[in-house]
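# Coordinates in review
Chain by chain, the residues run as shown.
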Amino acid sequence: MEESGGTEAQKRRAGESAAGVVDDGDVVGLGTGSTAAAAIRELGRRVESGLDVRGVPTSHGARRLAREVGVPLTTLEAATPDVAVDGADQVADGDLVKGGGAAHTREKVVDAAADRFVVVVDAGKPAPALDHPVPVEALADAVPAVERRVETLGGAPTLRAAERKDGPVITDNGNPVLDCDFGVVDDPRALAAALDGIPGVVGHGLFVGLADEVHVGTDDGVEVR
Ligand code: 5RP
């Protein structure tokens, strides 16, 4: 079947390109989201052709897809990823906002542990500066206090609502997520450190200085930055 939107084809190209950097014998961090899923599917095809890899999933979704397409799994306890492949909601100067799928806390653990972190995005994700709302996973009891601290940092927090369920989105770790709009983030490193310092914050979606390369899927091919 022909792909409908250009974006879907861009995501597929980016995912397949990143899966191509994986070598025989590698342990691979498996990201979450539709672009990372394209990489997992391509890894599944490569495994079918004889590639020997083991994946470390960043979410229930990534684990389920890896099982479906035949990518063998391992854990961070058993192995350090040689490479991690993961998507992003926005990219600027190599820094990222992640967490559109509310998987950013585990994604950061796996992506940061990898020797090489490859980001996969469609052409709509690169931006001149980060201004996408930053997802902040917080302990449920801490939400009001975290909201107040986010406001003092200049952010406007919104509790992420679930679809087809009353109440908030609950992450794989059992916590709600606040989408925090800071407008243009002038100093991502400083904001990341400030968010890390709020008691009750479990993880946030600012990934600063972690990405080694970004594969951008375009209508013609893939740009590696
Ligand atoms: C999940 C993420 C995703 O990688 C991010 O939301 C991008 O998703 P997609 O590739 O579907 O656009 O951070 O928590």
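Residues numbered from 1 in each chain as written. Predicted model: local features only at pLDDT ≥ 70, side-chain atom pairs only at ≥ 80, totals over all residues. Heavy atoms only, no water.

## Regarding the overall build of the protein
Quick note on the threshold: Numbering of helices and strands starts at the N terminus; helices are DSSP runs of H or I of at least 4 residues and strands are runs of E of at least 2. What the globule rule says is 2.2 Å times the number of residues to the power 0.38, and the radius of gyration is computed from C-alpha atoms. Three exposure classes are used, based on accessible area relative to the maximum for each residue type with a 1.4 Å probe and protein chains only: buried under 20%, partly exposed in between, and exposed over 50%. Here a residue-residue contact requires only that any non-hydrogen atoms of the pair lie within 4.5 Å.
Counting its regular elements, the protein contains 6 helices and 13 strands. At 17 Å, the protein has a C-alpha radius of gyration in line with the 17 Å of a compact globule built from 225 residues. Expressed as lengths along the three principal axes of its C-alpha atoms, the size of the protein is roughly 55 × 35 × 35 Å. Of all 225 residues assigned to the protein, the portion counted as buried reaches 50%. Long-range pairs, those at least 24 residues apart, make up 75% of the contacts in the protein between residues at least 6 apart in sequence.

## Points about the pairing of strand S12 (residues 213-217)
Applicable threshold: Paired strands, in this sense, are two strands between which DSSP finds at least two bridges.
Of all 5 residues in S12, 5 are buried; the element is thus mostly enclosed. Burial along S12 is two-sided: Glu213, His215 and Gly217 and Val214 and Val216, pointing in opposite directions, are all buried. Pairing geometry for strand S6 (residues 116-122) and S12, over 5 bridges, is parallel. Residue pairing across strands places valine 118 opposite glutamate 213, the latter belonging to S12. Alignment of S12 against strand S13 (residues 222-224), held across 3 bridges, turns out to be antiparallel. The residue bridging glycine 217 from the neighbouring strand is valine 222, located in S13. Taken together, S12 and the strand that follows it, S13, pair antiparallel across an intervening segment of 4 residues.

## Brief notes about the domain arrangement of the protein
Counted only if it meets this: The start and end points of each domain follow an automatic or database-based domain assignment. When two components associate, each loses some accessible surface as probed by a 1.4 Å sphere; the sum of these losses over both components is called the buried area. Basic side-chain nitrogens of Lys or Arg form a salt bridge, by our definition, when they fall within 4 Å of a carboxyl oxygen of Asp or Glu. Pairs of N or O atoms are called polar contacts if they sit within 3.5 Å, as long as, within protein, a hydrogen donor faces a hydrogen acceptor (for residues adjacent in sequence, only side-chain-to-side-chain pairs). Throughout this entry, Asp, Glu, Lys and Arg are counted as charged residues, while Ala, Val, Leu, Ile, Met, Phe, Trp, Tyr, Cys and Pro are counted as nonpolar. The remaining residues, Gly among them, count as polar.
Assigned domains of the protein: these are domain 1 (5-125 + 209-218) and domain 2 (134-202). Measuring from the centre of the C-alpha atoms in domain 1 to the corresponding centre in domain 2 gives 24 Å. Summed over both partners, the interface of domain 1 with domain 2 buries about 880 Å², with 48% contributed by carbon and sulfur atoms. It is Ala102, His104 and Thr105 in domain 1 that bury the most area against domain 2; as a group they hold 44% of the surface buried on that side. If you look at where domain 1 meets domain 2, you find 0 salt bridges. For the interface between domain 1 and domain 2, the tally reads 6 residue pairs in polar contact (both at pLDDT 80 or more). Only strand S5 (95-97) and helix H4 (104-113) provide two or more residues apiece to the side of domain 1 that touches domain 2. Counting residues per element, the side of domain 1 that touches domain 2 draws most heavily on H4, at 3 residues. For the side of domain 1 that touches domain 2, the per-class residue count stands at 2 nonpolar, 8 polar and 3 charged.

## Things to note about the sheet that holds strand S11 (residues 206-207)
Strand order in this open sheet of 3 strands is S4-S5-S11, and the pairing throughout is antiparallel. Whereas interior strands pair on both sides, the edge strands pair on one side only; in this sheet they are strand S4 (90-92) and S11. As defined by bridge partners, S4 adjoins S5 across 3 bridges and the pair is classed as antiparallel. By the bridge assignment for S5, alanine 92 is matched with aspartate 95.

## Considerations on the site of the ligand
Rules: Each residue is tested against the molecule or strand, and it is near if at least one of its non-hydrogen atoms lies within 4 Å. Here the open area of atoms and residues is found with the Shrake-Rupley method and a 1.4 Å probe, where only the protein chains shown may cover a residue.
What surrounds the ligand is a group of 18 residues, the closest being Thr32, Ser34, Thr35, Asp89 and Lys125. Within the side chain of aspartate 89, one N or O atom sits 2.6 Å away from an oxygen atom of the ligand. Glycine 99 has a polar backbone atom sitting 2.8 Å from an oxygen atom of the ligand. Within the complex, 91% of the 380 Å² of free accessible area of the ligand lies under protein.

## Examining the sheet that holds strand S7 (residues 134-138)
Note the following rule: Interaxial angles span 0 to 180 degrees and are taken between N-to-C directions of axes, which are lines fitted to C-alpha atoms, for helices over the stretch in contact.
Strand order in the open sheet formed by 4 strands is S8-S9-S7-S10, with antiparallel pairing between adjacent strands. Two strands close off the open sheet at either side, each with one partner strand: strand S8 (156-159) and strand S10 (201-204). Between one strand axis and the next, the sheet turns by 30 degrees as a mean value, whatever way the strands run. When S7 meets strand S9 (residues 177-181), the two strands line up antiparallel, connected through 4 bridges. Paired with proline 135 across the strands is aspartate 179, a residue of S9. Those strands touched by H4 are S7, S9 and S10, and its axis lies near 65 degrees from that of S10.

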